[in-house]
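Listed below are the residues making up each chain.
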Amino acid sequence: MRPSLKLLAGVSRAQPSKLRKPAMSLDHFIQRQRVLGFWREVTRAIHKIPKSSTRDELHSYARHEFERHRNVTDLQHIRYLLSTGKSEFETMRRYIDEQASR
């Protein structure tokens, strides 16, 4: 092996990568998938509304709420946010269905 490759290989083994995130638990992974699925459900519903300022406002509101809670790591808090988000979305869905049928 060339000396430059040995040096590079030695450095990468000796120090943990700063780019690699720590592995998440299975519970965190499952909640993450649920949140992503909920995000997709919300965006699909919003895109049923014809292009308007209302559609843009709903999308920016949803995006802001997801971004605001992006760094939450407590599983109980994530479950709570997901539950309250879904109930809030059901209320919003009635309005969306009404707007989409126009």
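As a convention, each chain's residues are numbered from 1 in the sequence order in which they are written. pLDDT decides what is reported in this predicted model: residues at 70 or higher carry local features, side-chain atom pairs at 80 or more are listed and counted, and totals for whole chains, interfaces and linings draw on all residues regardless. Values shown for side chains rest on all heavy atoms present in the structure; no hydrogens or waters enter the calculation.

Under an unreviewed UniProt entry, the protein chain has the name LYR motif-containing protein 2 and belongs to Aspergillus bombycis. Turning to the protein chain, the UniProt record has this under Subcellular location (unreviewed entry): "Mitochondrion". UniProt positions are given in the numbering used here, feature names are shortened, and annotations may be inferred rather than shown by experiment. Regarding the protein chain, the relevant UniProt record gives this comment under Sequence similarities (unreviewed entry): "Belongs to the complex I LYR family."

*Asks:* Quick one: what's the story with the side chain of glutamine 31, residue by residue and with numbers?
*Replies:* Numbering of helices and strands starts at the N terminus; helices are DSSP runs of H or I of at least 4 residues and strands are runs of E of at least 2. Inspection of the secondary structure puts glutamine 31 in helix H2 (residues 26-46). Exposure is judged per residue with a 1.4 Å probe applied to protein chains only, and the accessible area is read against the type maximum: over 50% gives exposed, under 20% gives buried, and values in between give partly exposed. Relative accessible area serves as the criterion here: at 4%, glutamine 31 is assigned to the buried category. Filtering out sequence-adjacent residues up to four positions away, glutamine 31 remains in contact with Leu75, Ile78, Arg79 and Leu82. We call two residues in contact whenever any of their non-hydrogen atoms come within 4.5 Å of each other.

*Asks:* Tell me what's going on with the pattern of salt bridges, and back it up with residues and numbers.
*Replies:* By definition here, a salt bridge exists when the distance from a side-chain nitrogen of Lys or Arg to a carboxyl oxygen of Asp or Glu is within 4 Å. As enumerated under the stated definition, the model contains five salt bridges in all. The closest approach of N and O atoms between arginine 63 and glutamate 67, which form a salt bridge, is 3.7 Å. Taken as a pair, arginine 63 and glutamate 67 lie in helix H3 (residues 53-68) at a separation of four residues, close to a single helical turn. On the accessibility criterion, arginine 63 (45% relative accessible area) is partly exposed. Glutamate 67 is paired through a salt bridge with arginine 70; the nearest N and O atoms lie 3.2 Å apart. Here glutamate 67 falls in the partly exposed class, since its relative accessible area comes to 34%. A relative accessible area of 57% places arginine 70 in the exposed class.

*Asks:* So what's going on with a nonpolar patch on the surface? Which residues, and what values?
*Replies:* A contiguous nonpolar surface patch, about 390 Å² in accessible area, is contributed by Met24, Leu26, Phe29 and Ile30. You can see leucine 26 is positioned in helix H2. Take leucine 26: its relative accessible area is 60%, and that puts it in the exposed class. Nonpolar side chains (Val, Leu, Ile, Met, Phe, Trp, Tyr) are joined into patches within 5 Å and like charges within 9 Å, using only residues with over 30% relative accessible area and no salt bridge. For accessible areas, the Shrake-Rupley method is used with a probe of radius 1.4 Å. Any residue's cover is judged against the shown protein chains and nothing else.

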